[in-house]
Amino acid sequence: MDKVRIAIVGCGGMARSHAGRFDMILDQVEVRAVVDVLEERAQAVADLLPGEPIVATDYHDVLDEIDAALLVLPHHLHHSATLDCLAAGKHVLVEKPMANSEQECLDMIRAAREADRVLMVAYCMRFHPLVVKMKELIDDRTYGDVFQLSMWTEQLTQYPPDHWGSSAATLGGGQLFSHGCHYIDLLLWMLGRPVCGTHFGTNTGTPWMEREGTSNVTIEFEGGVLGYHMGTWGARGSRLKYSFHAHCTGGMIEAAISEGKLIVHHRQEAHEPGRPPVQAVDTLMEVQQAKPTEVEMAHFIECIRTGRKPLTDAVGSLEGLQVIWKLYEAEENGQLADLRGLGLGTFAG
Ligand SMILES: NC(=O)c1ccc[n+]([C@@H]2O[C@H](COP(=O)([O-])OP(=O)(O)OC[C@H]3O[C@@H](n4cnc5c(N)ncnc54)[C@H](O)[C@@H]3O)[C@@H](O)[C@H]2O)c1
């Protein structure tokens with residue numbers, strides 16, 4: 001079968017990360033073009049890839065050469081670039097978060113339907129083997145019923161003042177919107193229907209951020225299950241780095257993403273003052289994997305070839321962002337966010 005010809009549009013940090021993993025899927029994809037308004041950035045990504053892709057500074061110039069576009073652009077450009085590519089009949093894999101407003105997301109969903117093209121959002125953590133296995137163990141109730149899922153992401157991300165990531169308008173919000181969207185998506189995917197929630201954000205510790213650089217989200221789900229996400233771009237040190245803990249009635253499943261391990265802590269005796277807790281710890285899986293973008297790209301290609309709906313489709317992405325926007329709104333109003341009626345699979349449009 002012919003390879004799907006793609007263009008990588010936007011050749012900054014994340015595009016270099018994508019390009020570094022393309023060698024695993026070159027039997028399915030040909031990177032025909034790389035595009036950045038700064039030609040030297042496009043050239044630097046081209047240099048990571050085989051086959052001497054076209055280097056361009058305007059994606060409109062390469063649309064005739066491709067079947068699909070991977071958009072790795074600043075967030076305020078996701079909407080216009082997606083619409084341009086769909087109007088030209090191209091499939092689109094757009095980096096997260098999908099776009100900076102609900103109306104922009106709705107425009108993109110409608111345009112993809114009208115063009116009958118695949119529109120997928122790059123939530124790569126959904127394809128991470130440790131995350132996939134953790135969800136399977138929760139769904140199968142292997143260690144009983146989950147009652148608390150906590151996700152920590154602690155990193156140091158500092159953009160220069162004139163970078164689009166430092167401005168709330170171009171970033172679309174703060175750390176929660178930009179990065180936490182991955183984990184709100186995972187919480188919804190793993191825990192189901194949200195009921196209510198809170199967000200507390202601060203830019204204390206990350207003064208380079210216009211909006212929050214550190215974010216704490218707590219969500220109550222139907223059945224009383226709690227989800228928690230703490231993400232910071234201000235970590236000058238970290239022990240947890242990227243770590244997810246699912247407390248279940250029969251044990252705690254730990255996805256230590258940065259260590260590449262899925263661990264279960266179980267058979268813990270009830271706490272007795274003065275006695276250290278005794279428990280069994282078993283490693284279930286070890287996978288050294290940072291961002292499985294090649295699995296994500298292979299899924300995108302499969303959806304193009306088969307017409308299958310992407311796991312991380314545009315509608316589900318909008319549904320996750322709706323939760324974030326509600327959390328932001330409630331925070332501004334000093335209220336608890338009413339999240340009833342939101343979550344994956346609720347979009348009626
Ligand atoms: N999935 C992940 O884990 C992950 C991690 C980091 C970033 N991202 C996402 O990737 C996207 C890009 O982020 P980044 O960190 O690479 O940003 P970046 O600033 O490093 O790169 C963006 C690039 O786009 C270029 N650009 C700007 N306007 C353009 C235009 N009109 N046409 C072509 N190129 C243009 C810039 O020159 C720059 O090189 C964002 O959506 C971000 O959220 C995802």
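Rules and cut-offs
Residues numbered from 1 in each chain as written. Predicted model: local features only at pLDDT ≥ 70, side-chain atom pairs only at ≥ 80, totals over all residues. Near = placed C-beta within 6 Å. Nonpolar A, V, L, I, M, F, W, Y, C, P; charged D, E, K, R; others polar. Helix = DSSP H or I, 4+ residues; strand = E, 2+ residues; numbered from the N terminus. Buried ≥ 20, exposed ≤ 12 C-beta atoms within 10 Å, placed from the backbone. Axes fitted to C-alpha atoms, helices over the stretch in contact; angles between N-to-C directions. Parallel < 35°, antiparallel > 145°, perpendicular 65-115°, else oblique. Contact = placed C-beta atoms within 7 Å. Pairing = 2+ DSSP bridges. Domains from an automatic or database assignment. Left-handed = near helix turned anticlockwise from the far one by under 90°.

1. A closer look at the site of the ligand
Inference 1: Surrounding the ligand, one finds 24 residues, the nearest of these being Gly10, Gly12, Gly13, Met14 and Glu95.
Inference 2: Taken together, the residues that form the shell around the ligand break down as 14 nonpolar, five polar and five charged.

2. Topic: unusual backbone geometry
Inference 1: The peptide bond linking Lys96 to Pro97 adopts the cis configuration, its omega dihedral lying at -20°.
Inference 2: Residue placement: Pro97 occurs in the loop between β5 (91-95) and α4 (102-115).
Inference 3: If you check the backbone angles, Glu52 has positive phi at about 45° while not being a glycine.
Inference 4: Relative to the helices and strands, Glu52 resides in the loop between α2 (39-46) and β3 (54-56).
Inference 5: Positive phi, close to 55°, is recorded for Arg141, a residue that is not glycine.
Inference 6: Structurally, Arg141 can be placed in the loop between α5 (129-139) and β7 (146-154).
Inference 7: The exposed category is assigned to Arg141, around which 12 C-beta atoms lie within 10 Å.

3. Things to note about the environment of Lys241
Inference 1: By secondary structure assignment, the location of Lys241 is in the loop between β10 (226-232) and β11 (242-248).
Inference 2: It is 5.5 Å that separates the C-alpha atoms of Lys241 and Thr153, two residues lying 88 residues apart in sequence.

4. As for the packing of helix α3 (residues 78-87) against α4
Inference 1: Packing of α3 against α4 leaves a shortest axis separation of 9 Å and a crossing angle of 10°. Overall, the two elements α3 and α4 adopt an arrangement that is roughly parallel. Seen from α3, the contacting residues are His79, Thr82, Leu83, Leu86 and Ala87; seen from α4, they are Glu104, Asp107, Met108, Ala111, Ala112 and Ala115.
Inference 2: When its residues are assigned to classes, the contact of α3 with α4 shows seven nonpolar, two polar and two charged.

5. Focus: the sheet that holds strand β9 (residues 214-221)
Inference 1: Taken together, the nine strands give an open sheet; going across it, the order is β14-β13-β12-β11-β7-β10-β9-β8-β15, and neighbouring strands pair in mixed fashion. Each edge of the open sheet carries a strand with a single partner, namely β14 (280-286) and β15 (337-338).
Inference 2: Inspection of the sheet shows β11 paired to strand β12 (residues 251-256) by six bridges, in the antiparallel sense. Counted as the bridge partner of Cys248 is Gly251 from β12.
Inference 3: Running over the sheet, α5 touches β7, β11, β12, β13 (261-266) and β14 and is turned about 165° from β12.
Inference 4: The strands that helix α9 (residues 314-332) touches are β8 (194-202), β9 and β15; relative to β8, the one it contacts most, it runs at about 65°.

6. As for the domain arrangement of the protein
Inference 1: Annotation of the protein at the domain level lists domain 1 (4-124 + 293-311) and domain 2 (126-290 + 321-338).
Inference 2: Placing a centre on the C-alpha atoms of domain 1 and another on those of domain 2 gives a separation of 27 Å.
Inference 3: Taken together, the contacts link 15 residues of domain 1 with 14 residues of domain 2.
Inference 4: Every element with two or more residues in the side of domain 1 that touches domain 2 is listed here: α4 and α8 (293-306).
Inference 5: Of all the elements, α8 adds the most residues to the side of domain 1 that touches domain 2, at three residues.
Inference 6: Looking at the side of domain 1 that touches domain 2 residue by residue, the classes come out as eight nonpolar, four polar and three charged.

7. Considerations on the sheet that holds strand β2 (residues 29-35)
Inference 1: Reading across the sheet, the six strands line up as β3-β2-β1-β4-β5-β6 and stay open at both edges, with parallel pairing between neighbours. With partners counted over all chains shown, the strands left at the sheet margins are β3 and β6 (119-122), one partner each. Neighbour-to-neighbour, the strand axes of this sheet turn through a mean angle of 25°, independent of strand direction.
Inference 2: Judged from the four bridges that link them, strand β1 (residues 4-9) and strand β4 (residues 68-71) form a sheet pairing that is parallel. Note on β4: the bridge partner recorded for Ile8 is Leu70.

8. What about the packing of helix α7 (residues 175-191) against α9?
Inference 1: Orientation of α7 relative to α9, taken along the N-to-C sense of each, is 115°, at an axis distance of 9 Å. Between α7 and α9 lies a crossing of right-handed hand. Contacts between α7 and α9 involve Leu176, Phe177, Cys181, Ile184, Asp185 and Leu188 on the former and, on the latter, Gly320, Leu321, Val323 and Ile324.

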